[in-house]
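For reference, the chains in residue letters:
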Amino acid sequence: MALNTILVVAEVHESGLHPVTLELLAKARAMGTSVHAVLAAASDGDTLASELGAHGASRVYLAENAELGECVGGFATAFAVRDAVAQCSPDLVLFGQTYHGRDAAGCASVLLQRTVVSNIVDLESEPELRAVSTVFGGTQRVATAVTGPAPALVVVRAKSFESAEPGSGSAEVVRLSLDLPRWVKAGRVAGRADESASGPKLEDAPVVVSGGRGLQDPKNFALLQELAAMLHGAVGASRAVVDAGWVPYAYQVGQTGKTVKPTVYIACGISGAMQHTVGMKGSKYIIAINKDEGAPIFKLADLGVVGDALDILPKLIAEVRSRAN
Amino acid sequence: MKVIVCVKQIPDPSVPGELVGPAHTLQREGVTLVLDPGDEFGVEAGLALAESQGGEVVLVSMGPERGADALRKGLAMGAAKGILVSDPGLAGADALTTATVLAAAIRREGFDCVITATESTDGYSGVIPQMLAALLEVPAVTFAKSISLQDSTMRVKRQTESGTEDAVVNLPCIVSVTAGVNEPRYPTLKGILGAKSKPIETCTAESLGVALTGSTQQVADVTPIAARGAGEIITDDGSAAAKIVEFLTTVKVL
């Protein structure tokens, strides 16, 4: 099935576009005749629109409105999506599977009266539009045919597609005047706190050193920080320790956290629940340290060490340091 | 105040899952249905609100009738009653249909606050709370890490991609809570015994005025993904650190 227009729902992250937006644009360009983007932003709309153009959007539906800065979550974006869909009648609308994207997709689904498929890691257009997800910790691949009236609404996990370098393209900007219902504006953001760690970003780092319950105490994450810093890597964590409040959510790898694909992933005291492995099994090499020889993480490991991470990490740090000197 | 908590009965997550039948739906036959562990945080949050303000918690769920037992756990924790939408026509329902049915049940019951988890542990669609907000047309604060209510103003710290946000919203509203937002209570013996006599009202989509249309998504293909090749497993005899360094050198990150 040939796809005509694909609409990518753009998201702002830090001061630019979210990486998943660029990944979606690259995939949309490979699949559709015409790629449009829709963006709801409090400010910098023109700069962001030209960035979207450089990444392949030929048209950007832009809803720029200062009051969006106080709106809670991604609901307002759904109304911009609704208006853009009315104008360009896309076959497919792509959302990133982020907090913002999930708000936008769920709300847009109701506004457009089309269901959504989420957790998608790949898309196929032949013989029909199929959205691919993985289940049971990434052991089975499920292709879901999306039928019914267009557009299909699909929510795609980050890192499913490679983003492309920006080109010389530019986008026509179509301005939307958002008419938001009262319920979307009723909640407001009173403050924000940044929890991002210093050093390489978890999702881009060539080495990820992750910890779980087996580290026994939040203070032992300092060992992971030290090792990661020496390997130019980033620190990750299992959901169990994030839920327990040991480290911020920004560290979480897995189904409800980040997907990482580093050259080397070192799992320390992580049992390897499906919730976790789905976010790291795409790593090139996996090293696992765990006291329990039956831990499922060993099924994925290229090098598995049955032992106590708290014994091994200090020695490993010393060895790596002596190599570096 | 009346707090609605949306809960789901899911196949026991400690039993390996399986897709069965022509529609490739999750195997539920012969598998015990339990209250989704992620929902315990929502039930706890709802009970805490109702206890602080005076009021009650009503559980709303959709699923097969035999899953009513899973709701008993929430009743044993302290919820006053359950509403279970159970309809053979809803088997394999898509996310929008599920949300439409839940919203109809919630609207009929009435509410000051609706609490949900952020996603279910079996299906992970992760968009139902947002759909409920749009269907009920009340403000939503998703991905809450902590909540507090004073008079009718809810203050919520919510997770974002880069950190947290402090959101302020008035009742009525919807809040989706992350795992770890609180410490769910264990049902007491008295709670467990009392839950047996608490009402669970069952209803159908039709009785809620929801017309079911066919699903617009069908599983077309399920294929196994090749497992990663088994690697080398060693037991630490004091030399594991050296072995890891050797591996890191081989793959050129050292």
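Criteria and cut-off values
Residues numbered from 1 in each chain as written. Chains lettered and ligands numbered in written order. Predicted model: local features only at pLDDT ≥ 70, side-chain atom pairs only at ≥ 80, totals over all residues. Heavy atoms only, no water. Helix = DSSP H or I, 4+ residues; strand = E, 2+ residues; numbered from the N terminus. Rg over C-alpha atoms; globule rule 2.2 N^0.38 Å. Buried < 20%, exposed > 50% of the residue type's maximum accessible area, 1.4 Å probe, protein only. Contact = heavy atoms within 4.5 Å. Areas by Shrake-Rupley, 256 points an atom, 1.4 Å probe, with all protein chains shown as cover. Domains from an automatic or database assignment. Buried area = accessible area lost by both parts, 1.4 Å probe. Salt bridge = Lys/Arg side-chain N within 4 Å of Asp/Glu carboxyl O. Core = buried A, V, L, I, M, F, W, Y, C linked by side-chain atoms within 4.5 Å. Disulfide = S-S within 2.5 Å. Phe/Tyr/Trp six-rings, centres within 6.5 Å; stacked < 30°, edge-to-face > 60°. Pairing = 2+ DSSP bridges.

(A) Structural detail: the overall build of chain A. Per the secondary structure count, chain A includes 9 helices and 18 strands. Radius of gyration (C-alpha) of chain A: 21 Å, near the 20 Å computed for a compact globule of 325 residues. In terms of principal-axis extent, the alpha carbons of chain A reach across some 60 × 45 × 40 Å. Across the 325 residues of chain A, 60% fall into the buried class. In chain A, the share of contacts with a sequence separation of at least 24, taken over all contacts with a separation of at least 6, comes to 66%. With an accessible surface of roughly 12,200 Å², chain A has 48% of that area assigned to carbon and sulfur atoms.

(B) Quick look at the domain arrangement of chain A. All names here are of chain A. For chain A, the assigned domains are domain 1 (3–186) and domain 2 (202–324). The distance between the C-alpha centroids of domain 1 and domain 2 comes to 32 Å. Contacts between the two partners involve 10 residues from domain 1, matched on the other side by 13 residues from domain 2. For the pairing of domain 1 and domain 2, the buried interface totals around 900 Å² over both sides, and the portion due to carbon and sulfur atoms is 43%. On the domain 1 side of the contact with domain 2, Gly137, Arg157 and Lys159 bury the most area, a combined 59% of that side's loss. Across the domain 1-domain 2 interface, the total number found is 1 salt bridge. The salt bridge involving lysine 159 is made with aspartate 204; its shortest N-O contact spans 3.9 Å.

(C) Geometry of unusual backbone geometry. In the segment running from glutamate 126 of chain A into proline 127 of chain A, the intervening peptide bond is cis, with an omega of -5°. Position of proline 127 of chain A among the secondary structure elements: in the loop between strand S8 (122–124) and strand S9 (130–135). Cis geometry marks the peptide bond from leucine 171 of chain B to proline 172 of chain B, where omega comes out at -5°. Along the chain, the position of proline 172 of chain B falls in the loop between strand S11 (163–170) and strand S12 (173–177). Positive phi values are uncommon outside glycine, yet aspartate 44 of chain A reaches one of about 60°. Along the chain, the position of aspartate 44 of chain A falls in the loop between strand S4 (32–41) and helix H2 (45–54). You can call aspartate 44 of chain A partly exposed: its relative accessible area is 48%. One non-glycine residue, histidine 232 of chain A, lies in positive phi territory at about 55°.

(D) Just the nonpolar core, in detail. Core analysis: the biggest nonpolar cluster contains 68 residues, and Val38, Val81 and Phe95 of chain A together with Ile106, Met131 and Leu132 of chain B have the highest contact counts within it. Discounting chain neighbours no more than four positions away, the residues touching valine 38 of chain A are Leu7, Val8, Val9, Ala10, Tyr61, Ala80, Val81, Ala84 and Leu176 of chain A. By size, the runner-up hydrophobic cluster in this structure holds 40 residues, among which are Leu227, Ile287, Leu313 and Leu316 of chain A.

(E) Structural view of the state of the cysteines. For the structure on display, the rule yields 0 disulfides over all chains. Considering cysteine sulfurs only, cysteine 107 of chain A is the nearest to cysteine 71 of chain A, which forms no disulfide, with 11 Å between them. A disulfide-free cysteine, cysteine 6 of chain B has its sulfur positioned 11 Å from the sulfur of cysteine 113 of chain B, the nearest such atom. Cysteine 6 of chain B sits in the buried class, given a relative accessible area of 9%.

(F) Highlighting the packing of aromatic side chains. Under the defined criterion, the tally for this structure stands at 6 aromatic pairs over all chains. Between the aromatic rings of phenylalanine 221 of chain A and tryptophan 246 of chain A, the centroid separation amounts to 6.4 Å while the plane-to-plane angle is 85°, which identifies the pairing as edge-to-face. A residue pair is termed long-range when its members are at least 10 positions apart, and phenylalanine 221 of chain A in helix H6 (residues 221–230) and tryptophan 246 of chain A in the loop between helix H7 (239–243) and strand S16 (264–268) qualify at 25 residues. Here phenylalanine 221 of chain A matches tryptophan 246 of chain A in class, with each residue buried. Measuring from centroid to centroid gives 5.8 Å for tyrosine 285 of chain A and phenylalanine 247 of chain B, while their planes differ by 85°, and the two rings are edge-to-face. Here phenylalanine 247 of chain B lies in helix H6 (residues 240–250) and tyrosine 285 of chain A lies in strand S17 (residues 285–290), a pairing that spans two chains. Residue classification places tyrosine 285 of chain A among the partly exposed positions, given a relative accessible area of 25%. Phenylalanine 247 of chain B gets classed as buried once you look at its relative accessible area, which sits at 16%. Put simply, the rings of Phe75, Phe79 and Trp183 of chain A touch in pairs and so form one group of aromatic residues.

(G) Examining the pattern of salt bridges more closely. All chains considered together, the criterion is met by 27 salt bridges over all chains. Where glutamate 165 of chain B meets arginine 192 of chain A, a salt bridge forms, and the shortest distance between an N and an O atom there is 3.2 Å. One end of the pair, glutamate 165 of chain B, is in strand S11; the other, arginine 192 of chain A, is in strand S13 (residues 188–194), on a second chain. Glutamate 165 of chain B sits in the buried class, given a relative accessible area of 8%. Using a relative accessible area of 56% as the deciding quantity, one classes arginine 192 of chain A as exposed.

(H) How the structure looks around the pairing of strand S1 (residues 2–6) of chain B. All names here are of chain B. Summarising burial for S1: 4 of the 5 residues are buried, a large majority. Relative to strand S6 (residues 56–62), S1 is paired through 5 bridges, and the arrangement is parallel. Looking across to S6, one finds that lysine 2 is bridged to glutamate 56. Across 3 bridges, the pairing between S1 and strand S8 (residues 113–117) is parallel. Opposite valine 5, over in S8, you have isoleucine 115 as the bridge partner.

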